[in-house]
Amino acid sequence: MKFPVRLDRLISQATDHSRKQVKYLLKDGYVTVNGEIERQAQRKVNQDDRVELMDEPIGEASARYFMLHKPQGFISATKDKEHLTVLEFIDEPRRENLSVAGRLDIDTTGLVLLTDDGQWLHQVISPKHQCEKAYRVETTKPLDQKAIAKLEQGVWLNNEKTRTAPAQIEVIDEYHYRIIITEGRYHQVKRMFAAVENHVESLHRERIAGIVLDSALAPGEYRALTQAEIESVGKLG
Ligand code: URA
């Protein structure tokens, strides 16, 4: 967590209380900062401020990072009115504080990262950081050399002002390819293959930056990231 931080945010991250509940607790005088009752949710506090909720000290909740093997049929948002989300699989306290770092379509499978560390999330998804994403693609027909060259150089997608950034294509067999991209445009891989008159039959994300989907995870299973995996973001691109 980056300090200074808003008091309501600090408390809700460190406890099971929602931001709304924390606002009520503050209003009712249950929170003290350095021994004084504080009612302002937007009050900024620093690491050395002593925050207590009902006389219990609030420590900083340490950030959490998970990888999930997403099955088909779930959306990679944390809230949705119509569909089940990837949070269904996450059995952790305060799971609603987690965000998805890099969404997948409902029918795409594979690696999804979840975290409550906003800065880390930003590094994964911000176009500035050009974080690599590797996908295994099944196509309806083989790609010829010309199509591969086009995909590697960058293609124009409908309604976009710039060509896609250079990509890497590896041929697995006639109907299976690995594509490595550094952007995260809407339905990017499917639209790139459509731009070379092909069609994606199935799509599976294998890797984001230095984080490879753990082969021990069955669809729907998840685990915490290792320190090395967390730190790989921003190093490998
Ligand atoms: N590109 C797509 O088209 N879909 C995904 O889910 C991810 C990348």
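For the structure itself, look to the data block above.
The model shown is predicted, which means the values in this text are computed figures rather than measured ones.

**Brief notes about the overall build of the protein**
Okay, step 1: What the protein contains, in helices and strands, is six helices and 15 strands.
Okay, step 2: When the backbone C-alpha atoms are referred to their principal axes, the protein occupies close to 70 × 35 × 30 Å.
Okay, step 3: For the protein, the proportion of its 237 residues judged to be buried stands at 45%.
Okay, step 4: Pairs at least 24 apart in sequence give 62% of the contacts found in the protein among residues at least 6 apart.

**Focus: unusual backbone geometry**
Okay, step 1: Of note, Met54 is a non-glycine position whose phi angle comes to about 50°, a positive value.
Okay, step 2: Take Met54: it is sitting in the loop between β5 (51-53) and β6 (56-57).
Okay, step 3: A positive phi angle is found at Asn159, which is not glycine, with a value near 60°.
Okay, step 4: Summarising the element assignment, Asn159 is placed in the loop between α4 (145-153) and β11 (168-173).

**As for the environment of Arg103**
Okay, step 1: Within the secondary structure, Arg103 is located in the loop between β8 (99-101) and β9 (109-115).
Okay, step 2: For the pair Arg103 and Leu157, spaced 54 residues apart in the sequence, the C-alpha separation amounts to 19 Å.

**Things to note about the pairing of strand β7 (residues 65-70)**
Okay, step 1: Extensive coverage of β7 is indicated by the burial of six of its six residues.
Okay, step 2: Of the two faces of β7, the one holding Tyr65, Met67 and His69 and the one holding Phe66, Leu68 and Lys70 are both buried throughout.
Okay, step 3: Where β7 meets strand β15 (residues 222-224), three bridges bridge the pair, whose relative direction is antiparallel. The partner of Leu68 across the bridge, within β15, is Tyr222.

**Some thoughts on the nonpolar core**
Okay, step 1: The biggest cluster of nonpolar side chains holds 29 residues, and the ones touching the most others in it are Leu114 and Ile179.
Okay, step 2: Elements with a minimum of two residues in this core: β7, β9, β10 (133-139), α4, β12 (176-181), α5 (188-195) and β13 (200-208).
Okay, step 3: Ignoring any residue separated from it by four or fewer positions in sequence, one finds Ile179 in contact with Lys133, Ala134, Tyr135, Val137, Ala167, Gln168, Ile169, Val189, Met192 and Phe193.
Okay, step 4: Core analysis: the next-biggest nonpolar cluster, separate from the first, contains 17 residues, Val124, Ile208, Ile211 and Leu225 among them.

**Digging into the packing of aromatic side chains**
Okay, step 1: Taken as a whole and judged by the stated rule, the model has three aromatic pairs.
Okay, step 2: Between the aromatic rings of Tyr65 and Trp120, the centroid separation amounts to 5.0 Å while the plane-to-plane angle is 75°, which identifies the pairing as edge-to-face. Here Tyr65 is found in strand β7, whereas its partner Trp120 is found in helix α3 (residues 118-125), with 55 residues between them in sequence.

**Some details on the pairing of β10**
Okay, step 1: Judged by how many residues are buried, β10 sits mostly within the fold: five of seven residues are covered.
Okay, step 2: Relative to β13, β10 is paired through seven bridges, and the arrangement is antiparallel. Residue pairing across strands places Lys133 opposite Ile208, the latter belonging to β13.

**As for α3**
Okay, step 1: Among the residues making up α3, those that are buried are Trp120, Leu121 and Val124. The buried residues of α3 occupy an angular sector of 100° when projected down its axis, which confines them to one face.
Okay, step 2: In this fold, the buried residues of α3 make contact with β7, β8, β9, β13, β14 (211-212) and α6 (227-232).
Okay, step 3: With a side-chain oxygen positioned 3.1 Å from the backbone nitrogen of Gln119, the residue opening α3 is Asp117.

**What to know about the environment of Tyr135**
Okay, step 1: Checked against the element boundaries, Tyr135 lands in strand β10.
Okay, step 2: By relative accessible area, which is 7% here, Tyr135 ends up buried.
Okay, step 3: Residues Tyr135 and Glu56, spaced 79 residues apart in sequence, show a C-alpha to C-alpha distance of 47 Å.
Okay, step 4: Beyond its immediate sequence surroundings of up to four residues, Tyr135 is in contact with Leu104, Tyr177, Arg178, Ile179, Ile181, Val189, Leu203, His204, Arg205 and Glu206.

**Let's talk about the environment of Val5**
Okay, step 1: Mapped onto the elements, Val5 comes out in strand β1 (residues 5-6).
Okay, step 2: A sequence separation of 187 residues divides Val5 from Met192, and the C-alpha atoms of the two residues are 41 Å apart.
Okay, step 3: Beyond its immediate stretch of four places on either side in the chain, Val5 contacts Leu10, Arg43, Lys44 and Val45.

The rules we used
Residues numbered from 1 in each chain as written. Predicted model: local features only at pLDDT ≥ 70, side-chain atom pairs only at ≥ 80, totals over all residues. Heavy atoms only, no water. Helix = DSSP H or I, 4+ residues; strand = E, 2+ residues; numbered from the N terminus. Buried < 20%, exposed > 50% of the residue type's maximum accessible area, 1.4 Å probe, protein only. Contact = heavy atoms within 4.5 Å. Pairing = 2+ DSSP bridges. Core = buried A, V, L, I, M, F, W, Y, C linked by side-chain atoms within 4.5 Å. Phe/Tyr/Trp six-rings, centres within 6.5 Å; stacked < 30°, edge-to-face > 60°. Arc of directions from axis to C-beta. Polar contact = N/O pair within 3.5 Å; in protein donor to acceptor, adjacent residues only side chain to side chain.

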